[in-house]
Amino acid sequence: MAQYRVRITVKEVEGDCNIHKVGDTYLIEEDGQSLRFEKGDRLCTYAFSSMVPLFSALSKELSKEDWMAAETQVVQCPDPGPERGGVGTVYFEIRREKV
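Residues numbered from 1 in each chain as written. Predicted model: local features only at pLDDT ≥ 70, side-chain atom pairs only at ≥ 80, totals over all residues. Heavy atoms only, no water.

Asker: Outline the environment of His20, listing residues and values.
Answerer: Its location among the elements puts His20 in the loop between strand E1 (4-15) and strand E2 (25-28). Spatially, the C-alpha atoms of His20 and Asp41 are 8.8 Å apart, while their sequence positions differ by 21 residues. The contacts of His20, once residues within four sequence positions are left out, are Val10, Val13, Tyr26, Arg42, Leu43, Cys44, Val90 and Phe92. Within the structure, His20 has its side chain in polar contact with the side chain of Tyr26 (distance 3.2 Å). A distance of 3.2 Å separates a polar side-chain atom of His20 from the backbone nitrogen of Cys44. (Helix = DSSP H or I, 4+ residues; strand = E, 2+ residues; numbered from the N terminus. Contact = heavy atoms within 4.5 Å. Polar contact = N/O pair within 3.5 Å; in protein donor to acceptor, adjacent residues only side chain to side chain.)

Below, the structure is given as structure tokens:
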């Protein structure tokens with residue numbers, strides 16, 4: 001069975017975010033248990049908690065019919081954005097990479 005690591009990349013920031021910048025990158029290693037900061041020095045716990053449910057599915061081989069089998073997913077930070085009383089909204093690309 002193929003193993004994958006998961007690469008998280010900040011693709012877009014709407015409004016203000018004092019944590020993330022476009023291009024920040026993090027890796028969930030192929031063991032699925034370790035997080036490595038590749039570029040960027042912080043990771044918002046609210047955004048991270050919205051991504052956690054995807055990691056175990058994206059790190060394993062899945063049936064081609066499974067919607068999670070897509071190589072790339074996009075996750076929006078749960079911050080509602082400035083128009084709804086939040087600060088900003090960050091969009092993360094989550095890509096699985098075969099190792």
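Asker: Explain the layout of surface pockets to me, and be specific about the residues and the numbers.
Answerer: Its volume calculated, the largest pocket comes out at about 170 Å³. Its residues assigned to classes, the lining of the largest pocket comprises eight nonpolar, two polar and two charged. (1 Å grid on protein atoms, 1.4 Å probe; cavity = no way out; pocket = protein on both sides within 12 Å on 5 of 7 lines; lining within 4 Å. Points joined across faces, edges and corners; volume = space filled by probe spheres on them. Nonpolar A, V, L, I, M, F, W, Y, C, P; charged D, E, K, R; others polar.)

Asker: Tell me about the pattern of salt bridges, and name the residues and values.
Answerer: Going through the model one piece at a time under the given rule, you end up with five salt bridges. One salt bridge connects Glu38 with Arg7, and the closest N-O pair in it is separated by 2.4 Å. Highlighted residues: Glu38 in strand E3 (residues 35-39) and Arg7 in strand E1, separated in sequence by 31 residues. Its relative accessible area of 40% is what places Glu38 among the partly exposed residues. When its relative accessible area of 19% is taken as the criterion, Arg7 is described as buried. Arg95 is the partner of Glu93 in a salt bridge, and the nearest nitrogen-oxygen pair spans 3.7 Å. (Salt bridge = Lys/Arg side-chain N within 4 Å of Asp/Glu carboxyl O. Buried < 20%, exposed > 50% of the residue type's maximum accessible area, 1.4 Å probe, protein only.)

Asker: Explain the sheet that holds strand E4 (residues 72-76) residue by residue, including any values.
Answerer: Pairing between the strands of a sheet is mediated by backbone hydrogen bonds and can be parallel or antiparallel. Overall, antiparallel pairing links the five strands, which are arranged E3-E2-E1-E5-E4 in an open sheet. A single partner strand is all that each edge strand has here, and the edge strands are E3 and E4. Put simply, the sheet's adjacent strands are angled 25 degrees from each other on average, direction ignored. Contacting E1, E2, E3, E4 and strand E5 (88-98), helix H1 (residues 45-58) runs over the sheet at an angle of about 15 degrees to E5. (Pairing = 2+ DSSP bridges. Axes fitted to C-alpha atoms, helices over the stretch in contact; angles between N-to-C directions.)

Asker: So what about the packing of aromatic side chains? Which residues, and what values?
Answerer: Using the criterion set out here, one finds two aromatic pairs in the structure. Aromatic pair Tyr26 and Phe37: ring centres 5.1 Å apart, planes at 85 degrees, arrangement edge-to-face. Of this pair, Tyr26 sits in strand E2 while Phe37 sits in strand E3, and the two are 11 residues apart along the sequence. Using a relative accessible area of 0% as the deciding quantity, one classes Tyr26 as buried. Using a relative accessible area of 37% as the deciding quantity, one classes Phe37 as partly exposed. Ring centres of Phe48 and Phe55 lie 5.7 Å apart, and the angle between their planes is 45 degrees; this geometry places the pair in the tilted category. Judged by relative accessible area, Phe55 falls into the buried class, the value being 8%. Directly above the aromatic system of Tyr4 lies the positively charged group of Arg96, at a separation of 3.9 Å from the ring centroid. (Phe/Tyr/Trp six-rings, centres within 6.5 Å; stacked < 30°, edge-to-face > 60°. Lys NZ or Arg CZ within 6 Å of the ring centre and 35° of its normal.)

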